[in-house]
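# Architecture and fold: a report
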Amino acid sequence: MTLAGRHALVTGGGRGIGRAVAAALTGAGAAVTVVGRTEAVLSEAVSSGDAGGYFVADVTDDRALRGGIERAVAARGAVDILVANAGGAESAPFAKADPELFRRMFELNVMGAVHATRAVLGGMIARGFGRIVAIGSTASLKGYAYVSAYCAAKHAVVGLVRALAIETATTGVTVNAVCPGYTDTELVRASVERIVAKTGRSREDTLAEMLNPNPLGRMVKPQEVAAAVLFLCSPEAAAVTGTTLAVAGGEV
């Protein structure tokens, strides 16, 4: 499998799953641009060799994101691969989840993917090749208590993928989602720490409860998610579109 000559854009590419995806795409020969909100983190990803370039932008800011993509295209060529990874979660019981929480989750997890896709899809269709992979979650496929806004947004990501895949099926562009379970990232570790601080339970007990529904009995590795993304970005995956690939140890 080779992606030599392809330009890949990874949103939220400085940490966690996004960083692992960037490294995998780079290893396959792609020229990778990572996007995020923290320049030091992005710069470190480039200096370590996991990516070839970066720009700072908030994916919820359509104008800033589009401007950064235009600069990246000028520097490295048209975007052939988009991995819409940027996202985040906030938790609250539904009774305390106000409309602003739902809006924040939708703007970050859904509109961030929409903005990035709108910026690159036209060129992909014109050239007859493109790979779009949205990073969903098991929360795209099932419900979890106390994260109703996040679940609603992540379900919407899968709906977007399925609809867009039908629209682009004959264009050479594929659109898919990868839906990991709890993955060993800073985001999940921070969630564990918040639960520990709030409940007084041990980290071990907290993590065991989180992983209880997972037959695999451990967190997913970022590199395992990246391997799934890499396949969907490959030329060999040309007939795979509109699918959701769960990397979740049998949880869903």
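The paragraphs below set out a description of the structure included in this document. Everything quoted here is computed from the prediction, not taken from an experiment. (Residues numbered from 1 in each chain as written. Predicted model: local features only at pLDDT ≥ 70, side-chain atom pairs only at ≥ 80, totals over all residues. Heavy atoms only, no water.)

## Examining the packing of helix H1 (residues 16-27) against helix H8 (residues 222-233)
The description of two packed helices rests on the angle between their axes and on the distance between the axes. Stated precisely, the cut-off is as follows: For every element, the axis is a line fit to its C-alpha atoms; helices are fit only across the contacting stretch, and the angle between N-to-C directions ranges from 0 to 180 degrees. Put simply, DSSP H or I for four residues or longer makes a helix, DSSP E for two residues or longer makes a strand, and each gets a number counted from the N terminus. Note on angle classes: values under 35 degrees are labelled roughly parallel, values over 145 roughly antiparallel, values of 65 to 115 roughly perpendicular, and the remainder oblique. Left-handed describes a crossing in which the near helix is turned anticlockwise from the far one by less than a right angle; the clockwise case is right-handed. Any two residues having at least one pair of non-hydrogen atoms within 4.5 Å are treated as being in contact. Residues are grouped as follows: nonpolar covers Ala, Val, Leu, Ile, Met, Phe, Trp, Tyr, Cys and Pro; charged covers Asp, Glu, Lys and Arg; every other residue, Gly included, is treated as polar.
Axis separation between H1 and H8 bottoms out at 8 Å; the angle between their running directions is 50°. With respect to H8, the axis of H1 lies oblique. Along this stretch, H1 crosses H8, giving a crossing that reads as right-handed. Touching Gly16, Ile17, Ala20, Val21, Ala24 and Leu25 of H1 are Pro222, Gln223, Val225, Ala226, Val229, Leu230 and Cys233, all from H8. Each residue belonging to the contact of H1 with H8 can be placed in one class, and the counts come to 11 nonpolar, 2 polar and no charged.

## Side note on the packing of helix H6 (residues 186-199) against helix H7 (residues 203-211)
Viewed as axis vectors pointing N to C, H6 and H7 meet at an angle of 120°, and their least axial separation amounts to 9 Å. Relative to H7, H6 is oriented oblique. Remark: the crossing between H6 and H7 carries right-handed chirality. Of the residues in H7, those in contact with Val188, Val192, Glu193, Ile195 and Val196 of H6 are Arg203, Thr206, Leu207 and Met210. Looking at the contact of H6 with H7 residue by residue, the class counts come to 6 nonpolar, 1 polar and 2 charged.

## A closer look at the pattern of salt bridges
Where charged atoms of side chains with opposite charge meet at close range, the side chains can pair. What counts here: Each salt bridge in this description consists of a side-chain nitrogen of Lys or Arg and a carboxyl oxygen of Asp or Glu lying within 4 Å of one another. With a 1.4 Å probe rolled over the protein chains alone, any residue whose accessible area is under 20% of its type maximum counts as buried; one over 50% counts as exposed, and the rest are partly exposed.
Counted according to the given criterion, the structure contains 9 salt bridges. Measuring nitrogen to oxygen at the nearest pair gives 2.8 Å for the salt bridge that ties Arg103 to Glu100. With Arg103 and Glu100 both in helix H4 (residues 99-127) and 3 residues apart, this pair spans about one turn of that helix. You can call Glu100 partly exposed: its relative accessible area is 42%. Among the ionic pairs, Arg218 bridges to Glu224, the shortest N-O distance being 2.9 Å. Through salt bridges with shared partners, one network takes in Arg6, Asp80 and Arg127.

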